[in-house]
Amino acid sequence: MHPAPTERPRARRVALAEDSVLLREGLVGVLGRFGHEVVAAVGDADALREAVAAYDPDIVVTDVRMPPGFQDEGLRAAIDLRAERPGLPVLVLSQYVQRSYAAELLDTGDGGGVGYLLKDRVGQVEQFVDAFTRVAAGGTVVDPEVVRQLLRRRRDPLERLTPREREVLALVAEGRSNSAIAAELVVTEAAVGKHVGNILAKLDLPVADATHRRVLAVLAYLRA
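Residues numbered from 1 in each chain as written. Predicted model: local features only at pLDDT ≥ 70, side-chain atom pairs only at ≥ 80, totals over all residues. Heavy atoms only, no water.

As annotated in an unreviewed UniProt entry, the protein chain carries the name LuxR family transcriptional regulator and comes from Streptomyces alboflavus.

Below, the structure written as structure tokens:
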């Protein structure tokens, strides 16, 4: 009696975003070899959004840093797409761990269908395809290095702040008001207020009166 043949994962329609032409074409070839259809292969985040709207793919595969800024455009697009289409599987394939947005993306994964792999740590084509298949089927796949860096970020919440936000928080710790900070940094008071709001949000401080939250922010600064 012959063993039953292994069932091949069902074919998926893929929207792919990668600014490197060679890597993009390579991924198209790999996915095609395993029976998947890349309905759109684009080089920037705006084109990815348009492709998802036009083709309604089964899964999105995206890099993090893409034109025009080469910062976190791809990852932010992935987060937006998950918000617009809950349950849309997204596999991030990058050289970098963009910690704040990586955490935000993974937070959208309550229903599964989320992955974050580091390009340099994918040792075999089969490893990538296995991760792709699991994410497409609603699973969650995260590189251990991504997990390590996210845990490190949680130990030091100030790592989430930009250099300017750290500067503002240092002045808050000195007891300065928003107007005094604005004068020191030669910016508007509204800009300072926005920085303070971002600081309080990134430090995950509980909702309370503004003065109390500023004190908690200062305590976080002093502990770090």
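Now that the structure has been shown, we can carry on.
Student: Help me understand the packing of helix 7 (residues 163-173) against helix 8 (residues 178-185), please; the structure alone is not making it clear to me.
Tutor: Two quantities define a packed helix pair, namely the angle between the helix axes and the distance between the axes. Interhelical geometry of helix 7 versus helix 8 gives an angle of 130 degrees and a closest axis separation of 10 Å. It follows from the interaxial angle that helix 7 and helix 8 lie oblique. By crossing handedness, the relation of helix 7 to helix 8 is classed as right-handed. Across the interface between the two elements, R164, E167, V168, L171 and V172 from helix 7 touch I181, E184 and L185 from helix 8. A per-class count over the contact of helix 7 with helix 8 returns five nonpolar, no polar and three charged. (Axes fitted to C-alpha atoms, helices over the stretch in contact; angles between N-to-C directions. Helix = DSSP H or I, 4+ residues; strand = E, 2+ residues; numbered from the N terminus. Parallel < 35°, antiparallel > 145°, perpendicular 65-115°, else oblique. Left-handed = near helix turned anticlockwise from the far one by under 90°. Contact = heavy atoms within 4.5 Å. Nonpolar A, V, L, I, M, F, W, Y, C, P; charged D, E, K, R; others polar.)

Student: What should I look at first to understand the sheet that holds strand 6 (residues 140-142) in this one?
Tutor: Note on sheets: strands pair through backbone hydrogen bonds, and any given pair is parallel or antiparallel. Read from one edge of the open sheet, six strands run 2-1-3-4-5-6, paired in parallel fashion. Each end of this open sheet is capped by a strand with a single partner; those strands are strand 2 (37-42) and strand 6. The mean angle between the axes of side-by-side strands here comes to 15 degrees, regardless of whether they run parallel or antiparallel. For strand 5 (residues 114-118) and strand 6, the ladder comprises three bridges, and the chain directions are parallel. In the sheet register, V114 faces strand 6, and the bridge partner there is T140. Along the sheet, helix 1 (residues 21-33) contacts strand 1 (13-17), strand 2 and strand 4 (90-94); its crossing angle with strand 2, the most-contacted strand, is approximately 175 degrees. Relative to the sheet, helix 2 (residues 45-55) contacts strand 1, strand 2 and strand 3 (59-62), its axis offset from that of strand 2 by approximately 150 degrees. (Pairing = 2+ DSSP bridges.)

Student: Sorry if this is basic, but what is going on with the pairing of strand 1 here?
Tutor: Both faces of the sheet carry side chains from a regular strand, because those side chains alternate between them. Counting buried positions along strand 1 gives four out of five residues, so the element sits mostly inside the fold. Bridge count for strand 1 against strand 2 is five bridges, and the pairing is parallel. In the sheet register, R13 faces strand 2, and the bridge partner there is E37. Following the backbone out of strand 1, through helix 1 and into the adjacent parallel strand 2, one traces a crossover that is right-handed. Strand direction decides the pairing type here: strand 1 and strand 3, joined by four bridges, are parallel. Within strand 3, the residue paired with L16 across the bridge is V61. (Buried < 20%, exposed > 50% of the residue type's maximum accessible area, 1.4 Å probe, protein only. Right-handed = clockwise from strand over helix to strand, strands pointing away.)

Student: What is the right way to read helix 7 from this model?
Tutor: Helical geometry note: an α-helix holds 3.6 residues per turn, so side chains three or four residues apart project in the same direction. Every buried residue of helix 7 is accounted for by E165, V168, L169, L171 and V172. One side of helix 7 holds all its buried residues, which, seen down the axis, span an arc of 160 degrees. Two residues or fewer past helix 7, G175 is found with a positive phi of approximately 90 degrees. (Arc of directions from axis to C-beta.)

Student: Explanation requested: the UniProt feature "modified residue: 4-aspartylphosphate" (unreviewed entry) in the protein chain in the structure shown.
Tutor: Taking the UniProt record as the reference, the feature "modified residue: 4-aspartylphosphate" (unreviewed entry) is found at D63. Relative to the assigned elements, D63 resides in the loop between strand 3 and helix 3 (73-84). Residue classification places D63 among the buried positions, given a relative accessible area of 6%. With sequence-adjacent residues up to four places away left out, D63 is seen in contact with A17, E18, D19, G74, L75, L93, S94 and K119. (UniProt positions renumbered as here; feature names shortened; annotations may be inferred.)

Student: Looking at this model, I keep getting lost on the side chain of T62. Mind explaining?
Tutor: Examined against the element boundaries, T62 turns out to sit in strand 3. In this structure T62 comes out as buried when scored by relative accessible area, which is 1%. Contacts of T62, omitting those with residues within four sequence positions, involve A17, L48, G74, A78, V90, L91, V92 and L93.

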